[in-house]
Amino acid sequence: MSPRLPRPAVSRLGIKLFVIILVVNVAISALVFLAVSRSLDRGFIEYLDTTQTNRAETLAEGLGEEWARRGDWQWLRHSPDAWHRLVRRQLWPGEGPPPHGIERRLGEPSDFVLHDAGGLPVIGLPPAPPDEHEPPPELRWLPIVYDGERVGTLGYRPPEQLMARMDRIFLARQQRSLAIIVGSLGIASLLLAGGLSWWLGRRTRSMALATRRLTEGDYSIRLPERGRDELSRLARDFNVLAGTLEASRAARSRWVSDIAHELRTPLAVLRGEIEAMQDGIRALDQDNLHSLAQEVGQLERLVADLRLLSQSDAGALEVQLAPLDLAESLAGRLEDARGWLADSGITLETDITGTARIRGDLQRLRQLWNNLLDNTCAYTHAPGRLRVSVQPLANGVRVTWEDSAPGVPSPELPRLTERLYRVEGSRSRASGGSGLGLSIASALVKAHGGRMVASSSALGGLCWTLEFPALDDPGLRERLA
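All of these numbers come straight from a predicted model, not from anything done at the bench. (Residues numbered from 1 in each chain as written. Predicted model: local features only at pLDDT ≥ 70, side-chain atom pairs only at ≥ 80, totals over all residues. Heavy atoms only, no water.)

Draft legend 1. Looking closely at the overall build of the protein chain. Of regular secondary structure, the protein chain possesses eleven helices and eleven strands. Restricting the contact set of the protein chain to residue pairs at least 6 apart, pairs at least 24 apart contribute 69%. Working note: accessible area of the protein chain is about 27700 Å², and carbon and sulfur atoms make up 55% of it. (Helix = DSSP H or I, 4+ residues; strand = E, 2+ residues; numbered from the N terminus. Contact = heavy atoms within 4.5 Å. Areas by Shrake-Rupley, 256 points an atom, 1.4 Å probe, with all protein chains shown as cover.)

Written out as structure tokens, the structure is:
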């Protein structure tokens, strides 16, 4: 069971996110409050100004008609009730009661003053005496005109004065409600910022701790995978990376151990034979020197194979690609090996017709065919069969290499190209070889931009499918890179 990370402490990233989100939300709330308050204040005053002006113009027009009907203003000088009835009739015609609230305040008779043509007061309550809380009011004036003649002047309170007395209470209430709303948004932002920063900070801190432990060489660490968001996918990719690194370290350790084992056997043989010659047990003659030379040659081949694989891993494998006919290269090598295969009790069957043009290295391809032939000869029981065919594809060439029994268990097939790997049982080390031939073959195919896949053969043994890109394949350069 993979170890889990300890519970993370306070996350600095979480604190930063909390502060940033909180500051941004508070700033937005403050700006919204100021903008709405200003807009409400200005808009409300403009509305009052327009309404009051319209009412005053309507009243002035009606007063002009009353002057024309009566001929003077004397009937209004000492009759406040008549003035109230006149204002009510002009501003709210009909039999219904006048409106209430703000609309009612815009039509108070006490808000209007009537002067005659000479500028003398006729009717209308004078402005209330100023107190310590309210500045003295100022009136706006409209001429009362009838048939082109100015017959009087109507004064009315501006909206600012009405706001100062009563309607500012309305704005105060609206602003208080807006302040409550903004405060609620601020609290909600605080909770949201805290929750989001805690959640995101906890997850990112876990990833930071896991990354630190991964860089320290602890590849067994794993992150919990919860949800389907980007962080969950990042955790999943991190776990895949950690698992890959863990498997790579295990493979590298096994690789070094296997190399040491492979080198120890020929070195032990060399040491034993040399000590036997030194002690006089074996004679220092041509036969014994030939035996030593064979062991040295095996060591040289092993070192050369290891060097080739290391070059392939580093992307430095020397491959001189040039247009060539793969079918011709394969057919020629198989014909050369037909007698050798017959001596091993293996019958060769080929289905290679036509041409198969690819970009390849003739020497590296010959090395590939040799490794596959060595593998077939080493592990195929006599009498056996080898069947090789070449099939052109729409975007490449396919080579099928099949041999007869013994076969390889299906779970072992993907591991055949691992370095120094041998299948236990029929295809064992007793059959010879260093266990690097198929790894080299896979590396050579990859160097040509192709791929090599193992499967079970219909002949009872192993089937290798090699696919090479065509000569004019546009994706060859990317695969080689």
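Draft legend 2. Seen up close, a nonpolar patch on the surface. Taken together, the side chains of I20, V24, I28, V32 and V36 present a nonpolar region at the surface, about 400 Å² in accessible area. Summarising the element assignment, V32 is placed in helix α1 (residues 12–70). (Patch = residues over 30% accessible without salt bridge, like charges linked within 9 Å, V, L, I, M, F, W, Y side chains within 5 Å. Salt bridge = Lys/Arg side-chain N within 4 Å of Asp/Glu carboxyl O.)

Draft legend 3. Broad picture of the packing of aromatic side chains. Counting across every chain of the model gives zero aromatic pairs. The ring of W75 carries the charged tip of R70 above its face, separated from the ring centre by 3.9 Å. (Phe/Tyr/Trp six-rings, centres within 6.5 Å; stacked < 30°, edge-to-face > 60°. Lys NZ or Arg CZ within 6 Å of the ring centre and 35° of its normal.)

Draft legend 4. Broad picture of helix α10 (residues 437–447). For α10, the buried fraction is high: eight of the eleven residues fall into the buried class. One or two positions beyond α10, positive phi appears at G449, with a value near 80°. (Buried < 20%, exposed > 50% of the residue type's maximum accessible area, 1.4 Å probe, protein only.)

Draft legend 5. Local environment of the confidence of the model for the protein chain. Residues at a pLDDT of 70 or more form 81% of the protein chain, whose mean pLDDT is 78. Across residues 100–104 the pLDDT falls below 50, and counting only partners more than four positions away or on other chains, this stretch makes eleven contacts in the model. Note that pLDDT drops below 50 for residues 425–432; the model gives that stretch 22 contacts with residues more than four away or on any other chain. (pLDDT = per-residue confidence, 0-100.)

Draft legend 6. Representation of the pairing of strand β4 (residues 149–156) within the structure. For β4, the tally of buried residues reaches six of eight residues, placing the bulk of the element in the interior. Pairing geometry for strand β3 (residues 140–146) and β4, over seven bridges, is antiparallel. Opposite R140, over in β4, you have Y156 as the bridge partner. In this antiparallel pair of consecutive strands, β3 and β4, the connection spans two residues, and D147 shows a positive phi of 55°. (Pairing = 2+ DSSP bridges.)

Draft legend 7. Structural context of the sheet that holds strand β2 (residues 121–123). Here we have four strands laid out as an open sheet, ordered β2-β1-β4-β3, and antiparallel in their pairing. Only two strands of the sheet have a single neighbouring strand rather than two, namely β2 and β3. Neighbouring strand axes in the sheet, compared pairwise and without regard to direction, differ in orientation by 35° on average. Of the strands in this sheet, β1 (112–116), β2 and β4 are in contact with helix α3 (residues 80–91), which crosses β1 at around 110°. (Axes fitted to C-alpha atoms, helices over the stretch in contact; angles between N-to-C directions.)

Draft legend 8. Structural view of the pattern of salt bridges. Within this structure, the stated rule accounts for 13 salt bridges. Between R70 and E66 there is a salt bridge whose closest N-O contact spans 3.5 Å. Of this pair, R70 and E66 both sit in helix α1, separated by four residues, roughly a single helical turn. Overall, the relative accessible area of 7% leaves E66 in the buried class.

Draft legend 9. The arrangement of unusual backbone geometry in detail. Here A382 and P383 are connected by a cis peptide whose omega angle stands at -5°. Tracing the chain through its elements places P383 in the loop between α9 (362–379) and β8 (384–393). Positioned with a positive phi, D147 is a non-glycine residue whose angle comes to about 55°. A relative accessible area of 73% places D147 in the exposed class.

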